[in-house]
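Listed below, chain by chain, are the residues.
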Amino acid sequence: MSYQIIPIEEKHIEIFREAVGAVAKEGNYLALMDTPSIEQVRSFIEEQLRNKMPHYIAVVGNKIVGWCDIASFNRPAFAHSGVLRMGVIKEYRGTGLGTKLMQIVLDKGKEMGITRVELDVREDNINAIKLYQKFGFEIEGKKRNACKTDGVYSNVLTMGLLFETEAAPRKLGIFKGEIKIPEDFDKPMPEEWFDGKE
């Protein structure tokens, strides 16, 4: 299948909205369940362009068939990191498009100084999880029953990718010496600690 991968521009706002809506309506991959409003999409794309964040689309004619981006947290303490989001139209899944989009976006993110990328993915989306792991993402946590579609709960995994070696824990200077966690910290608290009152 022939497509062109290019950076998103303001002129793509409407067709990007259509692509997001197509994937959202499947109800299995995005947090959205329907097509977002044109105002929401315009605001997001304008912010991406203003922040110069990596945002690429795969285009066939005048239709977007896939996208991948890293969005900013817009917080000074998190300026080194971002959230990865992506989607591929049903007909183009399994063609390697998702891999190509991710490679370009992650390379651009690293090039601009991003050192951490994170994402959320449903626990039952095995293909997506395998793709993320292929790029070095690791599972960092699980949000139980975080998603609910058609009355059915799904767990959501949080995954992260570090471009730099993990830093040593930072000392905040509020304790003297090292913090030591007791070996039995996970044991139930003694009953005598409770007096029956809240």
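Attention here is on the structure that accompanies the text. (Residues numbered from 1 in each chain as written. Predicted model: local features only at pLDDT ≥ 70, side-chain atom pairs only at ≥ 80, totals over all residues. Heavy atoms only, no water.)

Overview of helix α4 (residues 126–134)
Now for step 1: Of the positions making up α4, those classed as buried are Ala128, Ile129, Leu131 and Tyr132. What you see down the axis of α4 is that its buried residues fit within an arc of 160°, all on one side. Counted as exposed and oriented over 90 degrees from the buried face of α4: Asn127, Lys130 and Lys134.
Now for step 2: Turning to α4, the residues buried within the fold contact β4 (81–88), α3 (97–111), β5 (116–122) and β7 (152–162).
Now for step 3: Within two residues after α4, Gly136 carries a phi angle of roughly 100°, on the positive side. (Buried < 20%, exposed > 50% of the residue type's maximum accessible area, 1.4 Å probe, protein only. Helix = DSSP H or I, 4+ residues; strand = E, 2+ residues; numbered from the N terminus. Arc of directions from axis to C-beta. Contact = heavy atoms within 4.5 Å.)

A closer look at the packing of aromatic side chains
Now for step 1: Under the counting rule described, the total for this entry stands at four aromatic pairs.
Now for step 2: Taking the centre distance of 6.4 Å and the plane angle of 70° together, the rings of Tyr3 and Tyr92 count as edge-to-face. Of this pair, Tyr3 sits in the segment before β1 (4–7) while Tyr92 sits in the loop between β4 and α3, placing them 89 residues apart in sequence. We note that Tyr3, like Tyr92, is buried.
Now for step 3: For the ring pair Phe16 and Trp67, a centre distance of 5.6 Å and an interplane angle of 80° mean the geometry is edge-to-face. Taken together, the residues Phe16 in helix α1 (residues 13–24) and Trp67 in strand β3 (residues 63–72) connect sequence positions 51 residues apart. (Phe/Tyr/Trp six-rings, centres within 6.5 Å; stacked < 30°, edge-to-face > 60°.)

A short note on the nonpolar core
Now for step 1: Membership of the largest hydrophobic core comes to 46 residues, with the highest contact counts inside it found for Phe16, Leu84, Met102, Leu106, Tyr132 and Phe137.
Now for step 2: Top element by residues in this core is α1. It accounts for seven residues.
Now for step 3: If we skip the residues at most four places from it in the chain, Tyr132 touches Leu84, Met86, Met102, Leu119, Val121, Phe137 and Met159. (Core = buried A, V, L, I, M, F, W, Y, C linked by side-chain atoms within 4.5 Å.)

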